[in-house]
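Secondary and tertiary structure notes
Spelled out, the chains give:
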Amino acid sequence: MNFYSLNKQAPNVSFKDAVIKGIAPDRGLYFPENITPLSASFFENIESLSNVEIAFEAIKQFVSEEIPENKLKAILTTVLDFDFPVVKIDKNTATLELFHGPTMAFKDVGARFMANCLGYFSEGENKEVTVLVATSGDTGGAVANGFLGVKGVKVVILYPSGKVSDIQERQLTTLGKNITALEVDGTFDDCQKMVKTAFLDDDLLGKMQLTSANSINVARWLPQLFYFLFAYKEVKSKGKEIVFSVPSGNFGNICAGMMAQKLGMPVKQFIAATNVNDTVPQFMKTQEYNPKPSTATISNAMDVGDPSNFIRIRHLFKDNFEDLSKNLSSYSFTDEETKKAMIQIHNTCGYAADPHGAVGYLGLKKYQENEVNTYGIFLETAHPVKFLDIVENTIGKKIEIPTQITKVMDKEKISIKIETYNELKDYLLDN
């Protein structure tokens, strides 16, 4: 299958080229030429399938021409070596835990899948690939871990100074080897703008092969649809219409869920729950897309004022607002509301949610005010330990620190501070 740029001013490319390029020459995001729904029998019998079997059937149409099926199955077996439990909160509510991977964030799956794909593509190649990625929190750690030691790949991570949690920072600044962290004096949007500018810099591109590991990259974005299929498998027997509420920043995760819907997964509605960075909630009210500078919040991974993947969501519905609004609702919440939700969840069932999961919970409950007969799943995208001070101070309970986190706590932080795009460019050219 080929992929085309959503700006439609660049040649169509293979999956391999889309992964290696990251973004099209016309600055558009790549999108698959076709989306062929899975068979009805797949969903009827999904309970009998393993997670690897589910993932293989879902992703093979997009990549099988580039990666042999036996190799694709091996990659998926490596990537999906941890659990994705659905945990009951109340009668009509559950959370899908996506934090049981090596960096305890939902981005582990996409980062590891992309790293394995690039590793396969680089076999026998002499040319080095530099992965350039911006992070608002968890992407950096997941990418660093996924690509650590991958032959022929260097990773450069840009993150906003002082705007990620201590644990998130340690996960991306302490690994060394082929991983470099650049600490940017600015916001996530500034980091993302630098990355996008680099992909349009002919001088830079003439001297090195750049790709991105943000969710703009198809190999990071598409595997996220697995989560929703795994959850559907677990709750199908409930016999109610299913609603997914996704804490949303750059909108890659919820877009992947809507891809699962296009593959035939039965779902009544998706809810994009945001913090005060409410560009999409405002769009769903006004039909006007007005990006703005991001605002710092306690759910920092969602501090995005111009979400890259929302254009993919609009494209899924052919930019027909009526069709989009039948499938997507979006609400925004303040830090104060988020903390109250964390307390409510903990008081209800003893569950400790991180701030992002709490925003997802709020979005779900807002929707269910008028849709009481639905079964709602909100995504818990990061372990609460990654926001230790906020969670413990809010719910008044100590959080046990898992081994994935303790092993980075005593490592030395190593980062390079930059302020401008030219400093980024100089670093890339010099290294």
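Sequence order sets the numbering: in each chain, residues are counted from 1 along the sequence as written. Predicted model: local features are reported for residues with pLDDT of at least 70 only, side-chain atom pairs are reported and counted for 80 or more only, and whole-chain, interface and lining totals are derived from all residues. As a rule here, side-chain values come from all non-hydrogen atoms in the structure, and water together with hydrogens is ignored.

Moving on: the overall build of the protein. Going along the chain from the N terminus, every DSSP run of H or I of four or more residues is numbered as a helix, and every run of E of two or more is numbered as a strand. Counting secondary structure elements, the protein contains 20 helices and 14 strands. This radius of gyration counts C-alpha atoms alone. The globule rule is 2.2 Å times how many residues there are, raised to the power 0.38. In terms of overall size, the protein behaves like a compact globule, its C-alpha atoms giving a radius of gyration of 20 Å where 431 residues would be expected to give roughly 22 Å. Each principal axis of the C-alpha atoms in the protein carries an extent, and together these give about 55 × 50 × 45 Å. In this scheme, a residue with accessible area under 20% of its type's maximum is buried, one over 50% is exposed, and one in between is partly exposed, where area comes from a 1.4 Å probe on protein chains only. For the protein, the proportion of its 431 residues judged to be buried stands at 61%. Whether two residues touch is decided by their heavy atoms; if any such pair falls within 4.5 Å, the residues are in contact. In the protein, the share of contacts with a sequence separation of at least 24, taken over all contacts with a separation of at least 6, comes to 76%.

This part takes up the layout of surface pockets. There is about 430 Å³ of room inside the largest pocket. As for the largest pocket, its lining consists of 18 residues, and the residues nearest its centre are R27, K196, D306, P307 and S308. At the level of secondary structure, the elements contributing two or more residues to the lining of the largest pocket comprise α8 (188-198) and α14 (310-316). Counting residues per element, the lining of the largest pocket draws most heavily on α8, which supplies four residues. The method works on a 1 Å grid over the protein atoms by themselves. A cavity is a set of points holding a 1.4 Å probe that cannot get out, a pocket is an open set with protein on both sides within 12 Å along at least five of seven lines, and residues with an atom within 4 Å of a point line them. Grid points are joined across faces, edges and corners, and a volume is the space filled by probe spheres set on the points.

Strand pairing is assigned whenever DSSP identifies at least 2 bridges connecting the two strands. Read from one edge to the other, the open sheet built from five strands follows the order β9-β6-β7-β8-β14, with strand pairing classed as parallel. Each end of this open sheet is capped by a strand with a single partner; those strands are β9 (209-212) and β14 (416-418). Strand-to-strand twist across the sheet, computed as the mean angle between neighbouring axes with direction ignored, equals 30°. Pairing geometry for strand β7 (residues 153-160) and strand β8 (residues 179-184), over six bridges, is parallel. The residue bridging Y159 from the neighbouring strand is E183, located in β8. Geometry is summarised by axes, namely lines fitted to C-alpha atoms with helices restricted to the contacting stretch, and by angles between N-to-C directions that run from 0 to 180 degrees. Along the sheet face, helix α6 (residues 138-147) touches β6 (129-134), β7 and β8 and points at about 165° away from the line of β7.

The subject of this paragraph is helix α17 (residues 355-368). Since there are 3.6 residues in each turn of an α-helix, residues three or four apart along the chain are aligned in direction. The terminal C-alpha atoms of α17 lie 20 Å apart, and with 14 residues this matches the ideal 20 Å at 1.5 Å per residue to within 8%. Most of α17 sits out of view: 12 of its 14 residues are buried. Burial in α17 covers these residues: P355, H356, G357, A358, V359, G360, Y361, L362, G363, L364, Y367 and Q368. In this analysis, the expected span of each helix is defined as 1.5 Å times one less than the number of residues it contains.

Salt bridges are defined by distance alone: a side-chain nitrogen of Lys or Arg within 4 Å of a carboxyl oxygen of Asp or Glu. All chains considered together, the criterion is met by 17 salt bridges. The partner of K326 in a salt bridge is E322, with the nearest N and O atoms 3.8 Å apart. Taken as a pair, K326 and E322 lie in helix α15 (residues 321-327) at a separation of four residues, close to a single helical turn. Note on accessibility: K326 and E322 belong to one class, exposed. Note that K340 is salt-bridged to E336, the shortest N-O span being 3.6 Å. Separated by four residues within a single helix, K340 and E336 lie in helix α16 (residues 335-349), roughly one turn from each other. As far as the burial class goes, K340 and E336 line up, both exposed. Connected via shared salt-bridge partners are D201, D203, K207 and K425.

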